[in-house]
Amino acid sequence: MTILRRWLRRPIILAADNSNGPWGGGNDDNAGPRNPWAVPPGGRRGPAKPTALDDFLKKARGGGGGFGGGGGGGPQLPLGANARALWMIGAGLLVGLWIIFTSVHQIGPQQRGVVTYLGRYSGELEPGIRVTLPAPFVNVTKVDVEQVRTDEFPQDGGEMVLTGDQNIIDLAYTVRWRVSDARNYVFEIKDPQQTVRATAESAMRAVLATTTLNEAIGAGRTTIEARVAQMMQQILDSYQAGVRVQGVSIKQASAPQQLADDFNAVTAAQQEAVGNLNNARSYSQQVIARAQGEASAFDQVYEQYRLAPEVTRRRMYYETMEAVLARTDKTIVEVPGVTPYLPLDRMRKLPEPGEQAAAPAQPQAQTTAQPQGGQR
């Protein structure tokens, strides 16, 4: 500031006397502006005393002085009271900017600010414009507590997992999680994402170790996902990680590519075995139902036989003979001594397997009837 005031107080160079020039007359002050290159009215003056600004410019051009009295070629900074004032102004500006940028915090709607005072937790900042003490006394860590993070498993290639029935499956799944406690999320675990990934892999392998292959690749996926999410939450709560598991989704659960053909053959054989077993169960149920019906009918007949044995016995004989004779060829002789026409062409045909016992009785009836009529 002193240099600026000295520069403003420097006398203005007067113009030379030139009446014919564009700057007016020579010695008349009222004749108009003077030529700045002409000799001033009072004559030439002696050399003016150099000011602080001249010294500064001379030192900046490397004309002399400098630190330690040397004549260095580069620009030099001023010394003395003026230099101290400039340094103080610059330092003040830097301190002011530092205070502004480290004291004012803008917290987003989905964020929370974890505040530490000299390294110790002191509270949380809600969304909005918040003001605290400057750093390094107070530090604020912003944490997004509403974002749902998704981790893919595995990150590259396939993940082979052993099931409870000693089978191997190729597994791929995703885990969704978010921050539930900003304080624990910042202070309790060093690397939250790696901790969540390690917990997910451990929980998935533990659950599949108690699950069969058919459940893992079939209808048991929903149960596996729920069990893995529950186990993950228990582990993370024991760590006080401040993380909430949103869900687990199995994207792929199949046999390894190297064993795909063999696995398909085994699956087909298992399905065929299940089909045969269902058919056998159906047949057994039909046989049991028919036997139960026959037993129930026999019980009913026995009740009738117990009440009237002779009548029931005769009725059963008639029903049996009716059923037997209905499937055989018969020749009936009604009048004694008369030999009817016998259809021998029909009697010679081969009997059916169920009629072999009844066939020999027909010639006997014919032989018995012939002596009665006296014919041979």
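Residues numbered from 1 in each chain as written. Predicted model: local features only at pLDDT ≥ 70, side-chain atom pairs only at ≥ 80, totals over all residues. Heavy atoms only, no water.

## Here we look at the overall build of the protein chain
The line we're drawing: Numbering of helices and strands starts at the N terminus; helices are DSSP runs of H or I of at least 4 residues and strands are runs of E of at least 2. Burial classification: accessible surface area is computed with a 1.4 Å probe over protein chains only, and a residue below 20% of its type maximum counts as buried, one above 50% as exposed, and the rest as partly exposed. Here a residue-residue contact requires only that any non-hydrogen atoms of the pair lie within 4.5 Å. Computed with a 1.4 Å probe, the accessible areas rest on the Shrake-Rupley method; for each residue, only the protein chains presented here act as cover.
Counting secondary structure elements, the protein chain contains eleven helices and nine strands. Burial statistics for the protein chain: of 376 residues in total, 24% are counted as buried. Relative to all contacts within the protein chain whose residues are 6 or more apart in sequence, the contacts with residues 24 or more apart total 58%. In the form shown here, the protein chain has an accessible surface area of approximately 26,700 Å², with 56% of it arising from carbon and sulfur atoms.

## What about the confidence of the model for the protein chain?
Put simply, the test is: A score from 0 to 100, pLDDT tells how confident the predictor is in each residue.
Per-residue confidence for the protein chain gives a mean pLDDT of 77; residues scoring 70 or more make up 66%. Here helix α11 (residues 361-373) stands out as the element of the protein chain with the lowest mean pLDDT, 40, in contrast to helix α7 (residues 221-239), whose mean of 95 is the highest. Taken together, the stretch residues 1-8 has pLDDT below 50 and engages in six contacts with residues farther than four places along the chain or on a different chain. Every residue in residues 63-74 scores below 50 in pLDDT, and together they form twelve contacts with partners more than four places removed in sequence or on other chains.

## A closer look at the environment of Arg112
Inspection of the secondary structure puts Arg112 in strand β2 (residues 111-117). Once the C-alpha coordinates of Arg112 and Val140 are considered, the two residues, 28 residues apart in sequence, prove to be 9.5 Å apart. If we ignore the near neighbours within four places in the chain, the residues touching Arg112 are Ile107, Glu124, Leu125, Glu126, Pro127, Thr141, Lys142, Val143, Val145 and Ala182.

## Focus: the packing of aromatic side chains
Definition in use: A pair of Phe, Tyr and Trp rings is counted when the ring centres sit within 6.5 Å of each other, with Trp represented by its six-membered ring. The angle between the planes then sorts it: under 30 degrees is stacked, over 60 is edge-to-face, the rest tilted.
If you walk through the whole model with that rule in mind, you get three aromatic pairs. A ring pair is formed by Phe153 and Tyr173, whose centres lie 4.9 Å apart and whose planes are at 5 degrees; its orientation type is stacked. Within this pair, whereas Phe153 is found in strand β6 (residues 149-153), its partner Tyr173 is found in strand β8 (residues 168-179), the two being separated by 20 residues in sequence. We note that Phe153, like Tyr173, is buried.

## Some words on the nonpolar core
Where we set the bar: Nonpolar cores are built from buried Ala, Val, Leu, Ile, Met, Phe, Trp, Tyr and Cys residues. Side-chain atoms within 4.5 Å join them into one set.
Ranked by internal contacts, the top residues of the largest apolar core, which has 35 residues, are Leu171, Met204 and Met232. Beyond its immediate chain neighbours, meaning those up to four positions away, Leu171 contacts Pro154, Glu159, Val161, Met204, Leu208, Ile250, Gln252 and Ala253.

## So, a nonpolar patch on the surface
Definition in use: Patches draw on residues past 30% relative accessible area with no salt bridge. Two like charges within 9 Å are joined, as are two nonpolar side chains (Val, Leu, Ile, Met, Phe, Trp, Tyr) within 5 Å. A pairing counts as a salt bridge when a side-chain nitrogen of Lys or Arg comes within 4 Å of a carboxyl oxygen of Asp or Glu.
A contiguous nonpolar surface patch, about 640 Å² in accessible area, is contributed by Leu97, Ile100, Phe101, Val104, Ile129 and Val131. For the nonpolar patch, the elements supplying multiple residues, two or more each, are α3 (81-103) and β4 (128-131). Sorting elements by how many residues they give to the nonpolar patch places α3 first, with three residues.

## A short note on the pattern of salt bridges
A full pass over the atoms with the stated rule returns seven salt bridges. Across the salt bridge formed by Arg314 and Glu310, the nearest N and O atoms sit 3.9 Å from each other. Taken together, the residues span about one helical turn, with Arg314 and Glu310 both in helix α9 (residues 309-325) at a distance of four residues. Judged by relative accessible area, which is 46%, Arg314 ranks as partly exposed. Using a relative accessible area of 47% as the deciding quantity, one classes Glu310 as partly exposed. Salt bridges sharing common partners tie together Glu310, Arg313 and Arg314.

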